[in-house]
Each structure stands twice: as C-alpha cells, then as structure tokens.
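# Notes for the structure review
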There are 2 protein chains.
Amino acid sequence: MSTPTIKYYIREGLLPAGRLTSSNQARYTEDHVHRLRLIRALLELGGLSVAKVRAIMAVLDGDPGSSPRGGQVAGLEALEVLAAPAPQDGSLAILTADPRTVALVDALAERRGWHAPADGAEFARVVEILDTLGELDQRHFADRLDAYADAAERAAAADKELLHSATGGTGPAERLVVAAVLGDQLVSALRRLARSTGTAGTTG
Amino acid sequence: MSTPTIKYYIREGLLPAGRLTSSNQARYTEDHVHRLRLIRALLELGGLSVAKVRAIMAVLDGDPGSSPRGGQVAGLEALEVLAAPAPQDGSLAILTADPRTVALVDALAERRGWHAPADGAEFARVVEILDTLGELDQRHFADRLDAYADAAERAAAADKELLHSATGGTGPAERLVVAAVLGDQLVSALRRLARSTGTAGTTG
C-alpha cells in the first residue's frame, strides 16, 4: 500500500501513526497492517464514508475482544453505527413514511414469519427505500417485494451460518462489521455477475 | 428539503441553480424537484460519494431520453460509472487476484450457467471481494458461495422482470441507475430485517 494512502488514513484519524524509526521511516506492526486492510476494505470495497469508518474504528477499538460476550455487544454497536444515516451537512430531511408502505412491509414481515419490530431501524429503512423508489417513479419494486425477500432470506441464512461457524484471529465485532459490509457487496457483485449474463443469454 | 442542502448540491455541481426571482429566492421547476429527490436518494440511501453522483448526473444529462435505444446506451454508461472504483486519493493499490479465487469464481459461473466474461469488471469485483474477505480472516465466505449466488440470482431475476416491465416518466438510464443502487439497498435492508428476527427468534 502506498505511503500517501497510509498518511491519508492517519491524517483522517482512521489509523494510529506508526512508531518513527527515523525522520522519514515509521515502523508498522502486524496489527497495523491488518487495520490498513480493514480500512481499505470498508472504504474502497464497502464504499463507506471516511466519517463512518472512523466511527466504526472507535467502536472496534473499545471491543474487549477476548470476551465473546463483550465482543457481541461491541458488534451490535458497530452494526448500529453502520446503519445510522450519514451526518452529511446536518440538515437531513426526514422523509415521512407513507402509511401504505408501512402496511405493505408489515404484511411482508407477517407473511414471511419475520418478527422484526415495526418501530426498529431495519423496518424503517425498508419503508424509506420503498418510499424513495415510489417518489422516483419506481413503484413497481413494491409489487415484487417477495422476490427480493426471497433473495434477502437466502443471504441472511448464509450470514447466520457463517457467523456461527466463524473462528479466527479477529474479534467478533470486527467479524460482524466485515461480514455485514462485504457480505452485502458480495451479493451485489454476484447479482451483477448473474445479471450480466441474464440479459445476453436466454430469455429465462 | 432544506435550503442548505439545495445550496450544497448546487455548489457541488450536482444540481443546476434555480432561476433567481429575487435576491433571496429562486424558482425551481418540477424537473428540479425530481433531480433533488434523485440526488438525495443516491447520496443518502445509496451511500454514493458526491463525486460518483456528479459523474452519474453528467451521463444522465447526456441521455437522449426519448429514444429508447439512446437511453439504453446512456444506461449502460451510467452503470459503468457506478461500478468504477472510487478515485479516492489517486493511489489505489491494485490487489493482485489470487488464482485460486479466480478458479473458484470461474467454477461457480460454470456451475450456475452464467456466461459473464472472466476478464469483465463484474467478475473482477467478485474475486476482489472474496480475496479481501480472505485477507481479513473471513475465508469461510468462499465456502458458502452458492448460498450467496442463490440470493444473487433471485435478486437478478427480480431486477430483470422489473426493468422489462418498467414504464413511467423517467428515462431508461435513470431507471437503470436507480434500480441498481436502490435495488441493492433494498435487498440489503430486507436482509437485515430478516436477520434481525433470525437471531432473536427460533433456532432456525
């Protein structure tokens, strides 16, 4: 990884500075290298903002790591940071949820046997995306909601299997964040891969 | 939407300025309002960077719109802009693809009957995400690739159905971009919704 990139990460408060060994050289430990990879993955592959990565790093740095219980708490906190809306310019318009969309998502959750609370952040996000699609003349997404729910359930099942089977050097909080961010990116990339054929191939 | 947000979008070159009707008032047309919604959706829901949204707007502004053929061309161009890596600080490290990962994705595409070219951007992206997951001690994602491919295929099929059925006031290029960005976000949000139950509910 290039020196300007490392300096940029340090300047942005994402990475602690290495130990200076001379005026133009710094020493980085194995932990540093891992952190560098993590930051690059979240920024460049995950497409997260610098501010979001900074907030996630702060949570991970507080992760007690060795204790699985503490790690789960930190993991949930990190996922919350991840799901929080971007601060942007501090004047985010709050979209008023359309009650018909709320009813639609409620019915979907009921039909699917999902027990997610209707006042939770996950529920609100689905409603917000559907309302925004409606605003942008793409109301038809709402009509095919079950097809997307099928896809989502399969991905969620795959996640769950992974998280329970996961072992390795990294703490549970980091594992959750990486799985959430890159897992989403993986499904999205596979979807493009599947689609890039779909249109060129048979009528399917 | 707040005035600071609108000013911010204009300053960043995302939105043309409104027609000034007095020293502190500007008039916005219906097109402006639609553009505002689109920008907000891509930035805040889609999580795209300002630079990426600017590049997409430039493509959409060149979209001949009325001609379906021209619109498809602009749409493909917009999807390319969308998939291009972020310029960041201009020193992006190019990850060397692990040949084992390439073979793995090749085998997956073969098994799935996907005919996406192995030298295409979509293929490279899947390899890059898997390699990065490996670097971050999450090699197990590669073991469950088919589960994610199932999810991706379902989403891709839903997309295809939608794009062929879509009608409305917006041009095909905009429709493709919105469907790609918010469609991904929708699957990801539904997945969180499904997952938020999965862990709290039965052992499933």
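Procedures and definitions
- Throughout this description, residue numbers start from 1 for each chain and increase along the sequence as written.
- Following the order in which they are written, the chains are lettered starting with A and the ligands numbered starting with 1.
- The model is predicted, so local features are restricted to residues of pLDDT at least 70 and side-chain atom pairs to those at 80 or more, both for listing and for counting; the totals for chains, interfaces and linings are taken over all residues.
- Side-chain metrics rest on all non-hydrogen atoms present in the structure, leaving aside hydrogens and water.
- All copies are superposed by least squares; the fitting set is the C-alpha atoms of residues with a pLDDT of at least 70 in both.
- We call two residues in contact whenever any of their non-hydrogen atoms come within 4.5 Å of each other.
- Once two parts are put together, the accessible area they lose, assessed with a 1.4 Å probe and summed over both, is termed the buried area.
- What makes a salt bridge here is a side-chain nitrogen of Lys or Arg within 4 Å of a carboxyl oxygen of Asp or Glu, nothing more.
- To qualify as a helix, a DSSP run of H or I must reach at least 4 residues; to qualify as a strand, a run of E must reach at least 2; elements of each kind are numbered from the N terminus.
- Polar here means any residue outside two lists: the nonpolar Ala, Val, Leu, Ile, Met, Phe, Trp, Tyr, Cys and Pro, and the charged Asp, Glu, Lys and Arg; Gly therefore counts as polar.
- Two aromatic rings from Phe, Tyr or Trp, using only the six-membered ring of Trp, form a pair when their centres are within 6.5 Å; if the ring planes differ by under 30 degrees the pair is stacked, by over 60 it is edge-to-face, and anything between is tilted.
- Only protein chains enter the accessibility calculation, which uses a 1.4 Å probe; a residue is then buried when its area is under 20% of its type maximum, exposed when over 50%, and partly exposed in between.
- What qualifies as a polar contact is a pair of N or O atoms within 3.5 Å, subject to a donor-acceptor requirement within protein and to the restriction that residues adjacent in sequence count only when both atoms come from side chains.
- Axis lines are fitted through C-alpha atoms, for helices just across the contact stretch, and the angle between N-to-C directions can take any value from 0 to 180 degrees.
- Under this scheme an angle from 65 to 115 degrees is roughly perpendicular, one under 35 degrees roughly parallel, and one over 145 degrees roughly antiparallel; angles in between are oblique.
- Crossing handedness follows the turn of the near helix against the far one: under a right angle anticlockwise gives a left-handed crossing, and clockwise gives a right-handed one.
- Confidence of the predictor at the level of single residues is captured by pLDDT, which takes values from 0 to 100.
- Only four residue types enter the tally: Lys and Arg on the positive side, Asp and Glu on the negative side; His and the chain ends are excluded.

### Some thoughts on the relation of the copies chain B and chain A
Once turned by 180° and shifted 0.0 Å along the axis, chain B lies on chain A with an RMSD of 0.0 Å. Taken together, these values place the two copies in the relation of a two-fold axis. Relative to the rotation axis, the C-alpha of Ala151(B) is the closest in chain B, positioned 2.0 Å from it. Looking at the interface residues of chain B, 100% of them are also at the interface in chain A, so both copies use one shared face.

### Examining the interface of chain B and chain A
Counting from both sides, the interface comprises 85 residues of chain B and, opposite them, 85 residues of chain A. Considering only the surface of chain B that becomes buried against chain A, Leu136(B), Arg191(B) and Leu193(B) emerge as the three largest contributors, covering 8% of it. Counting across the chain B and chain A interface gives 10 salt bridges. Across the salt bridge formed by Arg191(B) and Asp184(A), the nearest N and O atoms sit 2.6 Å from each other. Top contributing element to the side of chain B that touches chain A by residue count: helix α9 (residues 172-200) of chain B, with 21 residues. Residue composition of the side of chain B that touches chain A, by class: 40 nonpolar, 23 polar and 22 charged.

### Some remarks on the packing of aromatic side chains
Residue and element names in this part refer to chain A. Per the counting criterion, the structure on display carries 4 aromatic pairs over all chains. On the numbers, 6.1 Å between centres and 50° between planes, the contact of Tyr 8 with Tyr 9 is tilted. A residue is classified by how much of its surface remains accessible, and Tyr 9, at 1% relative accessible area, is buried.

### A look at the side chain of Gln138(B)
Here Gln138(B) shows up in the loop between α6 (121-135) and α7 (140-143). For Gln138(B), a relative accessible area of 2% translates into the label buried. A polar atom in the side chain of Gln138(B) sits 3.2 Å from the side chain of His140(B). Other than its neighbours up to four places away in sequence, Gln138(B) contacts Glu174(A), Arg175(A), Val178(A), Ala179(A) and Leu133(B).

### Quick look at the packing of helix α2 (residues 30-45) of chain A against helix α3 (residues 50-61) of chain A
Residues and elements named next belong to chain A. As a packed pair, α2 and α3 sit with axes 10 Å apart at the nearest point and diverge in direction by 140°. One way to sum up the angle between α2 and α3 is to call them oblique. The handedness of the crossing between α2 and α3 comes out as right-handed. Along its contact with α2, which presents Arg 35, Leu 38, Ile 39, Leu 42 and Leu 43, the element α3 presents Val 50, Val 53, Ile 56, Met 57, Leu 60 and Asp 61. For the contact of α2 with α3, the residue count by class is 9 nonpolar, no polar and 2 charged.

### Here's the deal with unusual backbone geometry
The general pattern is negative phi for most residues beyond glycine and trans for most peptide bonds. Of note in the backbone geometry, Asp137(A) takes a positive phi value of approximately 65° without being a glycine. Along the polypeptide, Asp137(A) turns up in the loop between α6 (121-135) and α7 (140-143).

### Details of the pattern of salt bridges
For the coordinates displayed, the defined rule picks out 26 salt bridges over all chains. For the salt bridge of Asp146(A) with Arg111(A), the shortest nitrogen-to-oxygen distance reads 2.6 Å. Taken together, the positions of Asp146(A) in helix α8 (residues 145-165) and Arg111(A) in helix α5 (residues 99-112) put the pair 35 residues apart, joining distant regions of the chain. Residue class for Arg111(A) comes out exposed when judged on its relative accessible area of 53%. In this structure, Glu153(B) engages Arg112(B) in a salt bridge whose closest nitrogen and oxygen atoms are separated by 3.1 Å. With Glu153(B) in helix α8 (residues 145-165) and Arg112(B) in helix α5 (residues 99-112), the pair connects residues that are 41 residues apart, well separated along the chain. For Glu153(B), a relative accessible area of 27% corresponds to the partly exposed category. Salt bridges sharing common partners tie together Arg111(A), Arg112(A), Asp146(A), Asp150(A), Glu153(A) and Arg154(B).

### Remarks on the confidence of the model for chain A
All names here are of chain A. Looking at chain A as a whole, its pLDDT mean stands at 78, while 80% of the residues score no less than 70. Per-element confidence in chain A ranges from a low mean pLDDT of 69 for helix α4 (residues 68-83) to a high of 94 for α5. Of the two predicted TM-score estimates for the complex, the pTM is 0.70 and the ipTM is 0.74.

### Some points on the environment of Ala103(A)
Mapping Ala103(A) onto the fold places it in helix α5. Sequence spacing of Ala103(A) and Trp114(A) is 11 residues, and the spatial spacing of their C-alpha atoms is 14 Å.

### Here we look at the side chain of Arg125(B)
With respect to the secondary-structure elements, Arg125(B) resides in helix α6. In this structure, Arg125(B) is buried with no salt-bridge partner, the nearest side chain bearing the opposite charge being Glu128(B) at 5.0 Å. Within the structure, the side chain of Arg125(B) is placed 2.9 Å from the backbone oxygen of Leu45(A), a separation counted as a polar contact. Discounting residues that sit within four places of it in the chain, Arg125(B) has contacts with Glu44(A), Leu45(A), Gln185(A) and Ala189(A).

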